[in-house]
Amino acid sequence: MDKQQLLDQIAADIRNKNICPDLAKTAKNLVIGDGNLNAEIVFIGEAPGKNEDEQGIPFVGAAGKFLNEMLASINLARSDIYITNIVKYRPPNNRDPLPDEKRAFWPYLIKQLQIIQPKLVVTLGRHSMEYFLPNQKISQVHGEPCHITFGQDKLVVLPLFHPAAALYNGGLRQTLLDDFARLPAIVEKIKQEQA
């Protein structure tokens, strides 16, 4: 099976196993992910919002537009990266995903990463960060790559503030842009370490 078929199987498994049935009932779409299946960088947000739920694609609202701007600032496009969320259904009224919802979807996120095999995992916001870097505060570790081991998998995780946070808090906008500007050098360093 190729990568797309494997990812399609994840979506089928989520539906067949009825993961988070309460969310599934209120959501329009299962939002698995979007982008390059051979991406060096995978971005992980928390959960789909209204626009994402309607279109079935992650990060297509205002936060997604800002993300696209930041990608362009480092000469990347959406087609160069893969983007997903921990929780694959929109929580009602855009509330934060609950701990048990994140736990339920976690194994599927790990399968996605095993299929895509990125050089760098960028977490967007504390909800996705806390599973990779428990007991950390995003305000203290943002923009700093962390090497972690997950079972047999070694990952480099870069925690960043969520693009939506920068839309509500102008002071975070420049912080996020500065952190984003470091991405190409971080990926280059990982490649050199793996060579």
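A short tour of the structure in this document, coming up. Owing to the predicted nature of the structure, the values given are computational and were not obtained by experimental measurement.

**Thoughts on the sheet that holds strand β5 (residues 146-150)**
Here's step 1: Overall, mixed pairing links the six strands, which are arranged β1-β3-β2-β4-β6-β5 in an open sheet. Either end of the sheet is taken by a strand with one partner, and the two such strands are β1 (34-35) and β5.
Here's step 2: Strands β2 (41-45), β3 (82-85), β4 (120-124), β5 and β6 (153-160) of the sheet are contacted by helix α5 (residues 99-116), whose axis makes an angle of about 170 degrees with β3.

**Things to note about unusual backbone geometry**
Here's step 1: A positive phi is found at C20, a non-glycine position, where the angle reads about 50 degrees.
Here's step 2: Note on placement: C20 falls in the loop between α1 (3-16) and α2 (21-26).
Here's step 3: On the basis of relative accessible area, C20 is assigned to the buried category, the value being 14%.
Here's step 4: Unlike most non-glycine residues, N94 shows phi in positive territory, near 60 degrees.
Here's step 5: With a relative accessible area of 43%, N94 lands in the partly exposed category.

**Let's talk about the nonpolar core**
Here's step 1: If you look at the biggest cluster of nonpolar residues, it comprises 61 residues, and the most contacted ones within it are I14, F43, L67, L120, V122, F132 and F180.
Here's step 2: Of all the elements, α5 adds the most residues to this core, at eight residues.
Here's step 3: Once residues lying within four places of it in the same chain are set aside, the contact partners of F43 are L67, L71, I81, Y82, I83, T84, V122, L124, F180 and L183.

**Digging into the side chain of D13**
Here's step 1: The topology assignment puts D13 in helix α1.
Here's step 2: For the buried residue D13, which engages in no salt bridge, the nearest side chain bearing the opposite charge is K111, 4.4 Å off.
Here's step 3: Every residue in contact with D13, bar those within four places of it in the chain, is listed here: Y108 and K111.

**Remarks on the pairing of β2**
Here's step 1: With five of five residues buried, β2 is to be regarded as a mostly interior element.
Here's step 2: Here β2 shows no split at all, with I41, F43 and G45 on one side and V42 and I44 on the other all buried.
Here's step 3: As defined by bridge partners, β2 adjoins β4 across four bridges and the pair is classed as parallel. Opposite I41, over in β4, you have L120 as the bridge partner.
Here's step 4: By the bridge criterion, four bridges tie β2 to β3 in an arrangement that is parallel. Note on β3: the bridge partner recorded for V42 is Y82.

**Focus on the pattern of salt bridges**
Here's step 1: Here the structure, examined in full by the defined rule, presents eleven salt bridges.
Here's step 2: Between K50 and E54 there is a salt bridge; the shortest N-O distance is 3.0 Å. Of this pair, K50 and E54 both sit in helix α3 (residues 50-55), four residues apart, roughly one helical turn.
Here's step 3: Each of K28, K50 and E54 takes part in salt bridges that share partners, so that together they form one network.

What counts and what doesn't
Residues numbered from 1 in each chain as written. Predicted model: local features only at pLDDT ≥ 70, side-chain atom pairs only at ≥ 80, totals over all residues. Heavy atoms only, no water. Pairing = 2+ DSSP bridges. Helix = DSSP H or I, 4+ residues; strand = E, 2+ residues; numbered from the N terminus. Contact = heavy atoms within 4.5 Å. Axes fitted to C-alpha atoms, helices over the stretch in contact; angles between N-to-C directions. Buried < 20%, exposed > 50% of the residue type's maximum accessible area, 1.4 Å probe, protein only. Core = buried A, V, L, I, M, F, W, Y, C linked by side-chain atoms within 4.5 Å. Lys, Arg positive; Asp, Glu negative; His and termini not counted. Salt bridge = Lys/Arg side-chain N within 4 Å of Asp/Glu carboxyl O.

Bear in mind that shape data such as this cannot, by itself, settle questions of function.
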